[in-house]
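Breakdown of the fold
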Amino acid sequence: GKVTDNASKANGGGICTSEKCQVKLAGTSLIQNTAAEFGGGLLLQGYGSVLNYSSGQVSGNRAKTGGGLFISTNTTLNMTGGDVNKNHATDTGGGI
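Considering the overall build of the protein
Along the backbone of the protein there are 0 helices and 14 strands. The N-to-C order of helical and strand elements in the protein reads β-β-β-β-β-β-β-β-β-β-β-β-β-β. Relative to its length of 96 residues, the protein is compact, with a C-alpha radius of gyration of 11 Å against a globular reference of 12 Å. Dimensions of the protein along its principal axes, counting C-alpha atoms only, are 25 × 25 × 20 Å. Per-residue burial for the protein yields a buried fraction of 39% across its 96 residues. Sequence separation of at least 24 residues holds for 81% of the intrachain contacts in the protein that already meet a minimum separation of 6. Working note: accessible area of the protein is about 4,900 Å², and carbon and sulfur atoms make up 46% of it. Charge-centre separation for the protein: the mean point of 7 positive side chains lies 4 Å from the mean point of 5 negative side chains.

Right, dumping it as structure tokens:
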């Protein structure tokens, strides 16, 4: 599936998680999403949250920090395959 062309005035333009969230994305593309602050494509937050991401594409997303993905402290990213490219951050972490 695809999560495309979404926007947030705060965080997580495409997807935004919360406490102890278990997210599994397989073959999912996060494309052309925008967040004003953190995580243009996806923001993983909340103590103990886990993102299992495989065989997808994270591309063309924009945010102040974490253009493609923003992975907060005390969370876990397990990424197998896939591409992270052409994302943009105005501060830090263009891709992740």
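Remarks on the pairing of strand β4 (residues 22-26)
Every second residue of β4 is oriented toward a common face, the buried set being V23 and L25 and the non-buried set Q22, K24 and A26. Pairing between β4 and strand β8 (residues 50-54): 5 bridges, direction parallel. When the sheet's bridge partners are listed, A26 is paired in β8 with S54.

Brief notes about the sheet that holds strand β3 (residues 15-16)
The strand order across the open sheet formed by 3 strands is β3-β7-β11, and the pairing between neighbours is parallel. Looking at the sheet topology across the chains shown, the edges are occupied by β3 and β11 (69-71). Relative to strand β7 (residues 42-44), β3 is paired through 2 bridges, and the arrangement is parallel. Looking across to β7, one finds that C16 is bridged to L43.

A few points about the nonpolar core
In this structure, V3, V23, L25, L30, L42, L44, L51, Y53, V58 and L69 together form the largest nonpolar core, which totals 10 residues. Going through the elements one at a time, β4, β7 and β8 are the ones with two or more residues in this core. Apart from the residues within four sequence positions on either side, V3 is in contact with G14, I15, T28, S29, L30, I31 and N33.

Structural notes on the sheet that holds strand β13 (residues 83-85)
Within the open sheet, the 4 strands sit side by side as β1-β5-β9-β13. Their pairing is parallel. The outermost strands of the open sheet, each flanked by one partner alone, are β1 (2-4) and β13. Averaged over neighbouring strand pairs, the angle between their axes works out to 5° when direction is ignored. Note that strand β5 (residues 29-31) and strand β9 (residues 57-59) share 3 bridges and pair parallel. Bridge pairing links S29 to Q57 in β9.

The rules behind these values
- Numbers given for residues are sequential positions, taken from 1 along each chain in its written order.
- Since the coordinates come from a predicted model, pLDDT governs what is reported: local features require at least 70, and pairs of side-chain atoms require 80 or more to be given and counted, while whole-chain, interface and lining totals use all residues.
- The side-chain numbers reported here are obtained from all heavy atoms of the structure, hydrogens and water having been left aside.
- Helix numbering and strand numbering both begin at the N terminus, where a helix is a DSSP run of H or I of at least 4 residues and a strand a DSSP run of E of at least 2.
- What the globule rule says is 2.2 Å times the number of residues to the power 0.38, and the radius of gyration is computed from C-alpha atoms.
- Only protein chains enter the area calculation, which uses a 1.4 Å probe; residues under 20% of their type maximum are buried, those over 50% are exposed, and those in between are partly exposed.
- Contact criterion: two residues are considered in contact whenever any of their non-hydrogen atoms come within 4.5 Å of each other.
- Using the Shrake-Rupley algorithm and a 1.4 Å probe, accessible areas are obtained, with residue cover drawn only from the displayed protein chains.
- Counted as positive: Lys and Arg. Counted as negative: Asp and Glu, with His and the chain ends omitted from the count.
- For the purpose of locating charges, the reference atoms are NZ of Lys, CZ of Arg, CG of Asp and CD of Glu.
- Paired strands, as defined in this entry, are two strands with at least two bridges between them according to DSSP.
- As used here, the term nonpolar core means buried Ala, Val, Leu, Ile, Met, Phe, Trp, Tyr and Cys residues forming a set that is joined through side-chain atoms within 4.5 Å.
- An axis is simply a line fitted to the C-alpha atoms; with a helix, the fit covers only the stretch in contact. Between two such axes, the angle follows the N-to-C directions and lies from 0 to 180 degrees.

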